Amino acid sequence: MPSAQPQIHPTAIVDPAAKIGAGTVVGPYSIIGPHVVLGEENKVGPHVVIEGHTKIGSGNTIFQFASVGAAPQDLKYKGEPSELLIGDRNIIRECVTLQPGTAGGGMVTRIGSGNLFMANTHVGHDSIVGNRCVIANGAALAGHVLLGDGVIVGGLSGIHQFVRIGDIAMIGAGAMVAQDIPPFCMAQGDRATVQGLNRIGLERNGCSREEFAVLRETYRLVFVSSSAEVKGKVFKDRVVFARSVAGDSSRAGMFLDFLQSSERGVATHHSQGD
């Protein structure tokens with residue numbers, strides 16, 4: 001059970017209006033603003049600033065010099081009371097910047113649970129980050145980005161505004177991602193292209209050999225336009241044709257649904273002689 005009272009270092013500045021949950025520790029010289037809600041058993045390190053209309057769940061660890069909830073880096077922002085909502089058990093390392101929403105994007109940035117934000121990573125306004133994601137050092141998500149569950153973003157990568165990245169996708173280090181990356185795929189490069197399926201990630205998330213085989217065939221029909229079955233078909237027609245192979249596979253169906261719902265456009269497949 002969490003201790004009855006939060007533990008706040010005497011050098012920390014915590015606004016009396018802030019709500020601090022039981023068992024939460026606030027380290028030296030940290031600053032907590034008046035509209036902040038911190039749940040139970042959080043660990044806030046030294047020199048952390050949490051401000052704005054920020055709500056944080058339980059069991060999170062925030063390391064020194066992180067900036068959580070500061071005004072978004074958007075010239076259209078005029079001080080509206082937009083929110084930053086963070087779930088449980090996230091690890092937020094040194095110098096991470098997480099920013100709230102804007103009036104042009106729904107007024108909220110949402111971050112799920114169980115994520116790791118390595119040092120110097122950034123999540124821009126109105127973005128949505130799912131659960132169990134790993135954002136490696138120096139990677140940056142622009143505004144309005146959507147990350148699914150279990151996504152890995154390599155170090156020093158940049159994700160363009162309004163880009164979607166599907167579940168269990170993996171972005172290689174240094175990638176510049178300007179178009180949507182489908183679920184279960186690997187992508188890398190500038191501008192990032194889809195390199196194939198994230199087989200290891202799928203196996204770690206319980207994908208059977210049979211389901212992987214269906215997903216691989218679905219991927220081939222969509223992205224390898226020289227395949228006999230789809231040769232001469234445009235992309236959207238290849239997606240429709242692939243439905244006949246996907247059958248009742250939930251992952252293949254999710255993959256195709258993502259492609260058909262893309263508004264920004266899907267990153268191309270990197271051909272290696274296919």
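About the thresholds
- Residues numbered from 1 in each chain as written.
- Predicted model: local features only at pLDDT ≥ 70, side-chain atom pairs only at ≥ 80, totals over all residues.
- Heavy atoms only, no water.
- Pairing = 2+ DSSP bridges.
- Helix = DSSP H or I, 4+ residues; strand = E, 2+ residues; numbered from the N terminus.
- Expected span 1.5 Å × (residues − 1).
- Buried < 20%, exposed > 50% of the residue type's maximum accessible area, 1.4 Å probe, protein only.
- Arc of directions from axis to C-beta.
- Contact = heavy atoms within 4.5 Å.
- Axes fitted to C-alpha atoms, helices over the stretch in contact; angles between N-to-C directions.
- Parallel < 35°, antiparallel > 145°, perpendicular 65-115°, else oblique.
- Left-handed = near helix turned anticlockwise from the far one by under 90°.
- Nonpolar A, V, L, I, M, F, W, Y, C, P; charged D, E, K, R; others polar.
- Core = buried A, V, L, I, M, F, W, Y, C linked by side-chain atoms within 4.5 Å.
- Polar contact = N/O pair within 3.5 Å; in protein donor to acceptor, adjacent residues only side chain to side chain.
- Salt bridge = Lys/Arg side-chain N within 4 Å of Asp/Glu carboxyl O.
- Phe/Tyr/Trp six-rings, centres within 6.5 Å; stacked < 30°, edge-to-face > 60°.
- Disulfide = S-S within 2.5 Å.

Q: What is the right way to look at the sheet that holds strand β8 (residues 49-50) in this model?
A: Backbone-to-backbone hydrogen bonds join strands into a sheet, with any given pair of strands oriented parallel or antiparallel. One open sheet accounts for nine strands, arranged β2-β5-β8-β11-β14-β17-β20-β23-β26; its pairing is parallel. Bordering the open sheet on either side are β2 (13-14) and β26 (176-177), each of which pairs with just one other strand. Direction of pairing for strand β17 (residues 122-123) relative to strand β20 (residues 140-141): parallel, over a ladder of two bridges. The residue bridging V123 from the neighbouring strand is L141, located in β20.

Q: Just checking my understanding: could you explain helix α3 (residues 235-246) for this structure?
A: Note on helix geometry: an α-helix contains 3.6 residues per turn, so any two residues three or four positions apart are oriented the same way. Here α3 is twelve residues long and its end C-alpha atoms lie 16 Å apart, about the 16 Å a rise of 1.5 Å per residue gives. Those residues of α3 that sit buried are R238, V239, A242 and A246. Down the axis of α3, the buried side of the element spans an arc of 100 degrees, and every buried residue falls inside it. Facing away from the buried side of α3 by more than 90 degrees, the exposed set consists of K236, V240 and S244. Where α3 is buried, its residues touch α2 (209-223) and α4 (250-261).

Q: Can you help me understand the packing of α2 against α3 in this one?
A: Between two packed helices, the angle of one axis relative to the other and the distance separating the axes together describe the packing. Viewed as axis vectors pointing N to C, α2 and α3 meet at an angle of 160 degrees, and their least axial separation amounts to 8 Å. Taken together, α2 and α3 sit at an angle that is classed as roughly antiparallel. Taken as a pair, α2 and α3 cross one another with a handedness that is right-handed. Side by side, α2 and α3 meet where V214, E217, T218, L221, V222 and F223 of the first sit next to F235, R238, V239, F241, A242, V245 and A246 of the second. Class assignment for the residues of the contact of α2 with α3 results in ten nonpolar, one polar and two charged.

Q: Sorry if this is basic, but what is going on with the sheet that holds strand β9 (residues 53-56) here?
A: The strand order across the open sheet built from eight strands is β3-β6-β9-β12-β15-β18-β21-β24, with neighbouring strands paired in parallel fashion. The open sheet terminates on both sides in strands that have one partner only, identified here as β3 (19-20) and β24 (164-165). Both strand β18 (residues 128-129) and strand β21 (residues 146-147) contribute to a ladder of two bridges, which runs parallel. Within β21, the residue paired with V129 across the bridge is L147.

Q: What am I meant to see in the nonpolar core here?
A: Soluble globular proteins: nonpolar side chains tend toward being buried together. Of all hydrophobic cores here, the largest spans 64 residues; its most connected members are I50, L98, L147, I181 and F255. When residues no more than four places from it in sequence are discounted, the contact partners of F255 are P182, P183, F184, C185, L215, T218, Y219, V222 and F223.

Q: Would you mind showing me how to read the side chain of S82 here?
A: With respect to the helices and strands, the residue S82 is situated in the loop between β11 (67-68) and β12 (83-86). A distance of 2.5 Å separates a polar atom in the side chain of S82 from the backbone oxygen of G101. Excluding residues within four positions of it along the chain, S82 makes contact with H53, Y77, P100, G101, T102 and M107.

Q: What is the right way to look at the environment of I86 in this model?
A: With respect to the secondary-structure elements, I86 resides in strand β12. In this structure, I86 is in contact with K55, I56, G57, N60, V68, L98, I111 and G112, ignoring residues within four places of it in sequence.

Q: Would you explain the pattern of salt bridges in this entry?
A: Where charged atoms from two side chains of opposite charge approach closely, those side chains can pair. Going through the model one piece at a time under the given rule, you end up with ten salt bridges. A salt bridge links D74 to K76, with the shortest nitrogen-to-oxygen separation between them at 3.1 Å. A residue is classified by how much of its surface remains accessible, and D74, at 13% relative accessible area, is buried. The partner of E229 in a salt bridge is R220, and the shortest N-O contact between them spans 2.7 Å. A network of salt bridges, in which partner residues are shared, links E217, R220 and E229.

Q: I'm lost on the packing of aromatic side chains in this one. Help?
A: Describing an aromatic ring pair means giving the distance of the ring centres and the angle of the ring planes. On inspection of all chains with the given rule, the structure shows four aromatic pairs. Seen from their ring centres, Y219 and F255 are 6.3 Å apart, and the 35 degrees between their planes marks the pair as tilted. Pair noted here: Y219 is in helix α2 and F255 is in helix α4, with a separation of 36 residues, a long-range link. An angle of 55 degrees between the planes, with centres 6.0 Å apart, marks the rings of F223 and F235 as tilted. You can see F223 sitting in helix α2 and its partner F235 sitting in helix α3, a full twelve residues away along the chain. Judged by relative accessible area, which is 9%, F223 ranks as buried.

Q: Help me understand the state of the cysteines in this model?
A: Note on terminology: a disulfide is the covalent bond linking the sulfur atoms of two cysteines. Scanning the entire structure with this criterion turns up zero disulfides. The thiol of C185 is unpaired, and the distance to the nearest cysteine sulfur, on C207, comes to 12 Å.

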